[in-house]
Amino acid sequence: MRDLAGYTIAVAAEHPGRHELSARLRAVGAWPVDVRPVRAVGPADPDAAAEATRRAVARPVHDVVVFSAPGLRAWLRVAQESGHGDRVAALFREARLVAHDARAADVLRELGVAPSRPPARHTARDPDRWLLDQPMAGRRVVAVVGSDHHREWCAALGRRGADVVEVATSRALPPPRAHELRRLWTGIVRGHVDAVALTGPATAVDLLRRADADGVLDDVRDALTDRVLVACLGPLTAAPLRERGMTPVVAAAPCLGSLLAALVEQVPGRGPTLDVDGHRMQIRSRSVAIDGLVVPVQAGPMTVLRVLARSPGRVTSCAEIRGASAAWSGVNDHAVEMAVSRLRRAFDDTPLAGVDLVQTVVRGGYRLIA
């Protein structure tokens, strides 16, 4: 996979900080920023869960997919309370069982049944993906869904001809800290974020709804349309963005490996690219790539560079530069001078060493060499 060093990618998920996509992004050099538009909490609506259980046991089932151990235990309680405990137990004995992780597999074994093992060619990170590679037309699948992003997987099976019954064991609620989303809006609009990864339908809907409530939806939509890549786990997640005129990238399959692959493929090459003194310079959120060499740049100097790069050769005043960053709203021109100095030093020991990249114009401001 191509390197994502110097790129900032916001990961919008129900469980930020421990979302596996963030760890995978770090492994390829990216800087993930975790945000939580919604949170999954249990239990699910009891009436809806009981109705889904009734539909699950109404006819024979070919496959049962369990995404988490807590979700499976929650479903077993619902089945018992709704009078379907024995029928669910029989279903486990008769169907092919697929466990998303080791803990879910352990709970199945505690019930006296063994989960199926995916073929060796499928990675342990996405064990449920192997069903998507098999003929599913006419098969009946019960999916014990504990998270919003699992809905994309169920929809993918449905597109392959399976009859999927979703048994939800959680519900989506607003996040506990809305200020994190406001920081995300600022990062998207001001260019501090290179891409946004949306991991589920509710995540996408709530992000847009909250941006609208904060009065920044138009600015966010413009940025996601023009400068910032938005990548979605699947078509359900992408649908609310498309309804608002955006064209998100959609993962080839509803699993984190495919979403990561889409980011790795699409993010490099984005951002302003300039030809400077015979060298190719690409501006990212946290770095500058010069002829492929990634040079880390601090936040203040990066703000200066990003502003100057909008119009190379044009003189930009200190007031304009300060206006580009909310953090500089209460500082004087000296802060800009210091940022410019640090920006120049950042290119020491690079192919641009000795190049007068940022020029000072007396009583005017600064300009980027054209």
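Residues numbered from 1 in each chain as written. Predicted model: local features only at pLDDT ≥ 70, side-chain atom pairs only at ≥ 80, totals over all residues. Heavy atoms only, no water.

Draft legend 1. Quick peek at the packing of helix 8 (residues 201-213) against helix 10 (residues 235-243). At their nearest, the axes of helix 8 and helix 10 sit 7 Å apart, and the two run at 20° to each other. Classified by the interaxial angle, the pair formed by helix 8 and helix 10 is roughly parallel. Pair helix 8 / helix 10 crosses with right-handed handedness. Along its contact with helix 8, which presents Pro201, Ala204, Val205 and Leu208, the element helix 10 presents Leu236, Thr237, Pro240 and Leu241. Counted by class, the contact of helix 8 with helix 10 contains seven nonpolar, one polar and no charged residues. (Axes fitted to C-alpha atoms, helices over the stretch in contact; angles between N-to-C directions. Helix = DSSP H or I, 4+ residues; strand = E, 2+ residues; numbered from the N terminus. Parallel < 35°, antiparallel > 145°, perpendicular 65-115°, else oblique. Left-handed = near helix turned anticlockwise from the far one by under 90°. Contact = heavy atoms within 4.5 Å. Nonpolar A, V, L, I, M, F, W, Y, C, P; charged D, E, K, R; others polar.)

Draft legend 2. Summary view of the side chain of Ser68. Tracing the backbone through its elements, the reader meets Ser68 in the loop between strand 4 (63-66) and helix 3 (69-81). Polar side-chain contacts of Ser68 include one of 3.0 Å to the backbone nitrogen of Gly71. Apart from residues lying up to four places away in sequence, Ser68 is in contact with Asp101 and Ala104. (Polar contact = N/O pair within 3.5 Å; in protein donor to acceptor, adjacent residues only side chain to side chain.)

Draft legend 3. Layout of the environment of Arg314. Structurally, Arg314 can be placed in the loop between helix 12 (299-309) and helix 13 (318-323). Here the alpha-carbon distance between Arg314 and Asp194, two residues 120 residues apart in the chain, equals 25 Å. With residues up to four places along the chain from it excluded, the contact list for Arg314 reads Glu320, Tyr366 and Arg367.

Draft legend 4. Structural context of the packing of aromatic side chains. Applying the stated criterion to the full structure yields two aromatic pairs. Each ring, one from Phe67 and one from Trp153, has its centre 5.5 Å from the other, and the planes form 85°; the classification is edge-to-face. Taken together, the residues Phe67 in the loop between strand 4 and helix 3 and Trp153 in helix 6 (residues 150-159) connect sequence positions 86 residues apart. As far as the burial class goes, Phe67 and Trp153 line up, both buried. Seen in terms of ring centroids, Trp75 and Phe92 are 5.9 Å apart; in terms of plane orientation they differ by 85°. Their pairing is edge-to-face. Here Trp75, found in helix 3, pairs with Phe92, found in helix 4 (residues 85-94); they are 17 residues apart in sequence, far enough to count as distant. What makes Trp75 buried here is its relative accessible area of 1%. Under the relative-accessibility criterion, Phe92 is labelled buried at 4%. (Phe/Tyr/Trp six-rings, centres within 6.5 Å; stacked < 30°, edge-to-face > 60°. Buried < 20%, exposed > 50% of the residue type's maximum accessible area, 1.4 Å probe, protein only.)

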